[in-house]
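Residue-level listing of the chains:
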Amino acid sequence: MVRHGTREVTLLGQTVDDYGRDLEGRPDLADLLTACSDVPGLERIRFLTSHPLFMSDRIIEAVGSLPNVCEHFNIAVQSGDDLVLRRMKRGYPAQRYVDLVQRIREIIPHASIATDIIVGFPGETEEQFQNTLAMLEQLELDVVHTAMYSPRPGTKAGEEMADDVPRDEKHRRLLAVEALQERVVAAKNSRLRGRTLDVLVEGQKNGKWWGRIRTDRVTFFTDPRENLVGEILPVRIDETTAYSLRGTAVA
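Conventions and cut-offs
- Residues numbered from 1 in each chain as written.
- Predicted model: local features only at pLDDT ≥ 70, side-chain atom pairs only at ≥ 80, totals over all residues.
- Heavy atoms only, no water.
- Pairing = 2+ DSSP bridges.
- Helix = DSSP H or I, 4+ residues; strand = E, 2+ residues; numbered from the N terminus.
- Axes fitted to C-alpha atoms, helices over the stretch in contact; angles between N-to-C directions.
- Buried < 20%, exposed > 50% of the residue type's maximum accessible area, 1.4 Å probe, protein only.
- Arc of directions from axis to C-beta.
- Contact = heavy atoms within 4.5 Å.
- Polar contact = N/O pair within 3.5 Å; in protein donor to acceptor, adjacent residues only side chain to side chain.
- Core = buried A, V, L, I, M, F, W, Y, C linked by side-chain atoms within 4.5 Å.
- Left-handed = near helix turned anticlockwise from the far one by under 90°.
- Nonpolar A, V, L, I, M, F, W, Y, C, P; charged D, E, K, R; others polar.

(A) Structural context of the sheet that holds strand 6 (residues 196–205). An order of 6-7-8-10-9 is seen for the 5 strands of this closed barrel, with the pairing classed as mixed. Pairwise comparison of adjacent strand axes, ignoring direction, gives a mean angle of 55° for this sheet. Strand direction decides the pairing type here: strand 6 and strand 9 (residues 232–240), joined by 5 bridges, are antiparallel. By the bridge assignment for strand 9, valine 199 is matched with leucine 233.

This is the structure:
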């Protein structure tokens, strides 16, 4: 892929941080990241999606030390309430996720962290939902992918649990998470104003080039040149919102 021009790859797996346990010698994701980082010309490496139970210090340290591995983690938590997590059979309490995020930030202070949240899981009370909100407020994550629970055929929840949270209530909870996250990310992005960051250009939209910085934030910028797709350019960040960064390419 790199010989044909690829600048960035994403190692994709449902539980990618558990990679290798079925292979001879039991290599882990850190070994895979190291092997990929040795490929000449590969500028950026990403990976997703990770499970809190399998994210080790060894993996975190590999992300922090390998120069072409992006400092971005996608680790689904799903809920901030222990009883809901047990009903989901996630295998960890909420505090374990909190400790993991803090550990990542100890090793890589500037890392960005994304997660997934399901609102309205069967039996979720208002108090339990508030525990999720409180956890998100405490952690100030960079991205929260939020979904309203819906029964899925073949799953234990879909077949054995009553879908007892009304749709209107699920929607209210989803909007509450989105409002919190908009405030958190707007504040985090504002701290990037005035900085110059490397953007891997992915395309053009409404007369502006766009791409992503290493921590996966979408960035729009102006530049009069043509055919910039695939280039990595320094961009000075002039404006920020909760959804994107905007700036100007630096000569």
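(B) Looking closely at helix 1 (residues 29–37). The complete set of buried residues in helix 1 reads Leu29, Ala30, Leu33, Cys36 and Ser37. When helix 1 is viewed along its axis, its buried side chains cluster within an angular range of 130° and face the same direction. In this fold, the buried residues of helix 1 make contact with strand 1 (8–12), strand 2 (44–48) and helix 2 (57–65). You can read the cap of helix 1 off the contacts: a side-chain oxygen lies 3.1 Å from the backbone nitrogen of alanine 30, and it is on aspartate 28.

(C) Examining the sheet that holds strand 3 (residues 72–74) more closely. Here 3 strands make up an open sheet; going across it, the order is 3-4-5 and the pairing parallel. Edge positions in the sheet fall to strand 3 and strand 5 (143–148), since each has one partner strand and no second. Taking the axes of each pair of neighbouring strands and ignoring which way they run, one obtains an average angle of 15° across the sheet. With 6 bridges connecting them, strand 4 (residues 112–119) and strand 5 associate as parallel partners. Within strand 5, the position partnered with aspartate 116 by the bridge is histidine 145. Here helix 7 (residues 167–190) sits on the sheet and contacts strand 4 and strand 5; the angle it forms with strand 5, its principal contact strand, is near 175°.

(D) Structural detail: the nonpolar core. Core analysis: the largest hydrophobic core is formed by 44 residues, its most contacted members being Leu33, Phe47, Phe73 and Tyr97. Here this core gets 6 residues from one element, more than from any other, and that element is helix 4 (residues 94–107). In this structure tyrosine 97 touches Pro52, Ile75, Ala76, Val77, Ile113, Ala114, Thr115, Met135, Leu139 and Leu141, once residues within four positions along its chain are discounted. Ranked by size, the runner-up nonpolar core spans 13 residues in total, among them Leu192, Val201, Trp209 and Leu228.

(E) Representation of the environment of phenylalanine 221 in the model. Along the chain, the position of phenylalanine 221 falls in strand 8 (residues 218–222). Separated by 12 residues in sequence, phenylalanine 221 and tryptophan 209 have C-alpha atoms that sit 5.4 Å apart.

(F) Representation of the side chain of asparagine 189. Considering the arrangement of structural elements, one finds asparagine 189 in helix 7. A polar atom in the side chain of asparagine 189 sits 2.8 Å from the backbone oxygen of threonine 241. Setting aside anything within four residues of it in sequence, one finds asparagine 189 in contact with Arg217, Thr240, Thr241, Ala242, Tyr243, Ser244 and Leu245.

(G) The arrangement of the packing of helix 2 against helix 4 in detail. Interhelical geometry of helix 2 versus helix 4 gives an angle of 35° and a closest axis separation of 10 Å. Judged by the twist between their axes, the crossing of helix 2 over helix 4 is right-handed. Facing helix 2, whose interface residues are Asp57, Ile60 and Glu61, helix 4 presents Leu100, Arg103, Ile104 and Ile107. Tallied by class, residues from the contact of helix 2 with helix 4 come to 4 nonpolar, no polar and 3 charged.

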